[in-house]
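The primary structure of each chain is shown beneath.
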Amino acid sequence: MTTGGGSTGLQQRYADSLMNTFGPPKLVLARGEGPYVWDADGNRYLDLLGGIAVNALGHNHPALVAAVTTQLQTLGHVSNFFATEPQIALAEKLLALVGAEPGGGKVFFANSGTEANEAALKLTRRTGRTHLVAMRGSFHGRTMGALALTAKAAYREPFEPLPGDVEFVAYGDAEALADAVTDETAAVVVEPVQGEAGVVFPPEEFLRRAREITSEHGALLWLDEVQTGMGRTGSWMAHEASGVTPDVVTLAKGLAGGIPVGATVALGDCSTLLGPGNHGTTFGGNPVASAAALAVIETIERDGLLDNATKVGELLRDGLVDRRVTEVRGRGLLIGLDLDRAVAPQVAAVARRHGVILNDCTPERIRLAPPLVLTAEQAEEFLAVWPAILDEAYAEGPA
Ligand SMILES: Cc1ncc(COP(=O)(O)O)c(C=O)c1O
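Quantities reported herein were computed from a predicted structural model and do not represent experimental measurements.

Draft legend 1. Local environment of the overall build of the protein chain. Within the protein chain one finds 13 helices and 15 strands. What you see for the protein chain is a C-alpha radius of gyration of 21 Å, in line with the 21 Å of a compact globule of 399 residues. Within the protein chain, the proportion of its 399 residues that are buried is 52%. Put simply, 69% of the contacts in the protein chain that link residues at least 6 apart link residues at least 24 apart. Accessible area for the protein chain stands at about 17200 Å²; split by element, carbon and sulfur atoms hold 53% of it. Between the mean site of the 31 positive side-chain charges and the mean site of the 48 negative ones, the protein chain shows a separation of 3 Å.

Draft legend 2. Up close: the pairing of strand E5 (residues 131–135). For E5, the tally of buried residues reaches five of five residues, placing the bulk of the element in the interior. Burial along E5 is two-sided: His131, Val133 and Met135 facing one way and Leu132 and Ala134 facing the other are all buried. As paired strands, E5 and strand E6 (residues 165–169) are joined by five bridges and run parallel to one another. By the bridge assignment for E6, methionine 135 is matched with valine 169. As defined by bridge partners, E5 adjoins strand E7 (residues 185–190) across three bridges and the pair is classed as parallel.

Draft legend 3. Quick look at helix H4 (residues 85–97). The terminal C-alpha atoms of H4 lie 18 Å apart, and with 13 residues this matches the ideal 18 Å at 1.5 Å per residue to within 8%. Elements in contact with the buried residues of H4: helix H3 (62–74), strand E4 (105–110), strand E9 (248–251), strand E10 (262–267) and helix H10 (287–302). Positioned one or two residues after H4, glycine 99 has a phi angle of 85°, which is positive.

Draft legend 4. Inspection of the site of the ligand at higher detail. Lining the immediate surroundings of the ligand are 13 residues, of which Gly113, Thr114, Asp224, Gln227 and Lys253 lie closest. A distance of 2.8 Å is found between an oxygen atom of the ligand and a backbone nitrogen or oxygen belonging to glycine 113. Side-chain polar atom of aspartate 224 to a nitrogen atom of the ligand: 2.7 Å apart, as the coordinates give it. Protein chains shield 83% of the accessible area of the ligand, which is 390 Å² for the free molecule. Of all the elements, helix H5 (residues 113–125) adds the most residues to the shell around the ligand, at three residues. The residue makeup of the shell around the ligand, split by class, is two nonpolar, seven polar and four charged.

Draft legend 5. Local environment of the packing of H4 against H10. Where H4 meets H10, the axes come as close as 8 Å, and the angle between the chain directions of the two elements is 40°. Comparing their axes, H10 and H4 come out oblique. Handedness of the crossing formed by H4 with H10: left-handed. Where H4 approaches H10, its residues Pro86, Gln87, Ala89, Leu90, Lys93, Leu94 and Leu97 are matched on the opposing element by Pro287, Ser290, Ala291, Ala293, Leu294, Ile297 and Glu301.

Draft legend 6. Just unusual backbone geometry, in detail. Cis geometry is found at the peptide bond from glutamate 160 to proline 161, where omega equals 5°. When you line up the elements, proline 161 lands in the loop between helix H7 (153–156) and E6. The phi dihedral of asparagine 60 falls on the positive side, at around 55°, and the residue is not glycine. Note that asparagine 60 resides in the loop between helix H2 (50–53) and H3. With a relative accessible area of 46%, asparagine 60 lands in the partly exposed category. Despite not being glycine, lysine 253 has its phi angle at roughly 35°, a positive value.

Draft legend 7. Inspection of the environment of leucine 390 at higher detail. Summarising the element assignment, leucine 390 is placed in helix H13 (residues 376–396). Taking the relative accessible area as the measure of exposure, leucine 390 reaches 0% and is therefore buried. Separated by 133 residues in sequence, leucine 390 and glycine 257 have C-alpha atoms that sit 31 Å apart. With residues up to four places along the chain from it excluded, the contact list for leucine 390 reads Asp322, Arg324, Val325, Leu339 and Val347.

Draft legend 8. Structural context of the packing of helix H12 (residues 344–353) against H13. Where H12 meets H13, the closest approach of the two axes is 8 Å, and the angle between their N-to-C directions is 125°. The angle between the axes of H12 and H13 places the two elements in the oblique class. Read as a crossing pair, H12 and H13 show a hand that is right-handed. For the pair formed by H12 and H13, the contact residues are Gln346, Val347, Val350, Ala351 and Arg353 on the first element and Trp386, Ile389, Leu390, Glu392, Ala393 and Glu396 on the second.

Draft legend 9. A look at the nonpolar core. If you look at the biggest cluster of nonpolar residues, it comprises 66 residues, and the most contacted ones within it are Leu94, Leu316, Leu339, Val347, Leu358, Phe382 and Trp386. Beyond its immediate chain neighbours, meaning those up to four positions away, leucine 316 contacts Leu333, Ile335, Leu368, Pro370, Leu374, Ala379, Phe382 and Leu383. Among the nonpolar cores identified, the runner-up in size contains 18 residues, and Val133, Met135, Leu221 and Leu223 belong to it.

Draft legend 10. Region of the structure containing the packing of aromatic side chains. Applying the stated criterion to the full structure yields four aromatic pairs. Between the aromatic rings of phenylalanine 81 and phenylalanine 82, the centroid separation amounts to 6.3 Å while the plane-to-plane angle is 75°, which identifies the pairing as edge-to-face. Looking at phenylalanine 81, the relative accessible area reads 75%, which means it is exposed. Given a relative accessible area of 52%, phenylalanine 82 falls into the exposed group. Taking the centre distance of 6.3 Å and the plane angle of 70° together, the rings of tyrosine 171 and phenylalanine 206 count as edge-to-face. Of this pair, tyrosine 171 sits in the loop between E6 and helix H8 (174–180) while phenylalanine 206 sits in helix H9 (residues 206–216), and the two are 35 residues apart along the sequence. Taking relative accessible area as the criterion, tyrosine 171 reaches 15% and is therefore assigned buried. Between arginine 44 and the ring centre of tyrosine 36, over which it is positioned, the NZ or CZ distance is 3.9 Å.

Reading the values: the criteria
Residues numbered from 1 in each chain as written. Predicted model: local features only at pLDDT ≥ 70, side-chain atom pairs only at ≥ 80, totals over all residues. Heavy atoms only, no water. Helix = DSSP H or I, 4+ residues; strand = E, 2+ residues; numbered from the N terminus. Rg over C-alpha atoms; globule rule 2.2 N^0.38 Å. Buried < 20%, exposed > 50% of the residue type's maximum accessible area, 1.4 Å probe, protein only. Contact = heavy atoms within 4.5 Å. Areas by Shrake-Rupley, 256 points an atom, 1.4 Å probe, with all protein chains shown as cover. Lys, Arg positive; Asp, Glu negative; His and termini not counted. Charge placed at Lys NZ, Arg CZ, Asp CG, Glu CD. Pairing = 2+ DSSP bridges. Expected span 1.5 Å × (residues − 1). Near = heavy atom within 4 Å. Polar contact = N/O pair within 3.5 Å; in protein donor to acceptor, adjacent residues only side chain to side chain. Nonpolar A, V, L, I, M, F, W, Y, C, P; charged D, E, K, R; others polar. Axes fitted to C-alpha atoms, helices over the stretch in contact; angles between N-to-C directions. Parallel < 35°, antiparallel > 145°, perpendicular 65-115°, else oblique. Left-handed = near helix turned anticlockwise from the far one by under 90°. Core = buried A, V, L, I, M, F, W, Y, C linked by side-chain atoms within 4.5 Å. Phe/Tyr/Trp six-rings, centres within 6.5 Å; stacked < 30°, edge-to-face > 60°. Lys NZ or Arg CZ within 6 Å of the ring centre and 35° of its normal.

Here is the structure:
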């Protein structure tokens, strides 16, 4: 039943018409501009979640709007019987960004992170091995293959049995990884930073050790950079600092700034494992999504947004420190913090009342993944109300 266009009416219409997979929406949003969004009642919010690390250029960015509009006016969709230049140019660009040697890699385009991972999982099967090693605390998506690699019991258990021969080891534990990987292991899949778990970092040498261990056993090293890639941490890829060359990198989220796209980037010999008929998708590599991703990349380069992410990220992390905050972690504009009480949902709710969107990813953890265009002034605007948000949330206490 239609009961109106304000938030209350729309919430009711949502409840009446959408599957309840996400719980009730926190807000009904109507429009956005830069790092701000407005709800259906006209209230403004500083969006420090950016569509969960997706809206790299914020909302309504002219470069993204122009690229999508122009491409749609030129050629909107063709299917994968045909190629288009934006798709080819994007594949070339992504190979360069992950550091492929010329001719030393290949890309498969999908529409989301879970699909990028699904393609990577199928690629690992083409090694002739099935054993996979994933990390506790991992999140790789919700399709059955990606879910098989996702550690969280609440997500997995309702759908078991899941495909695969997957073993989980403690995130960051190189000794446990060395024990788990054998000559039968197809791949080790690792997030360089675990975003959904609350922005959790492995020990500094872990990726390098993971590379050594996989190489010793002829297994692939697959890095899931769906959340951490494309400039989120102040470098194109979060694994760059480790100096490691992976075999497979999966990307999505911020890649096209909000237009759905995912990419499975394979380097070296494994890049030819998937052949004709092995995998496919109707929309993947669509010219509009590809043009959007190219515009996002060009804008990040032109406007120095990697440096901006590093600079504004530092400012935010310094300003988030508080006597009730036991740890602030992060790199670039992927930031997590731990509270000394399980009041993260209250903190997020009170923040919304103060016109700020942030995310309670566990009962004690808050995550920020704002647009890479966030300015120091806009970050300060939030930091000025941060102590008041904590005061009110702690006064309300856990529900
Ligand atoms: C590391 C990682 N991999 C995969 C996914 C799944 O991506 P999508 O939601 O686009 O399917 C996510 C989403 O949060 C993620 O953080």
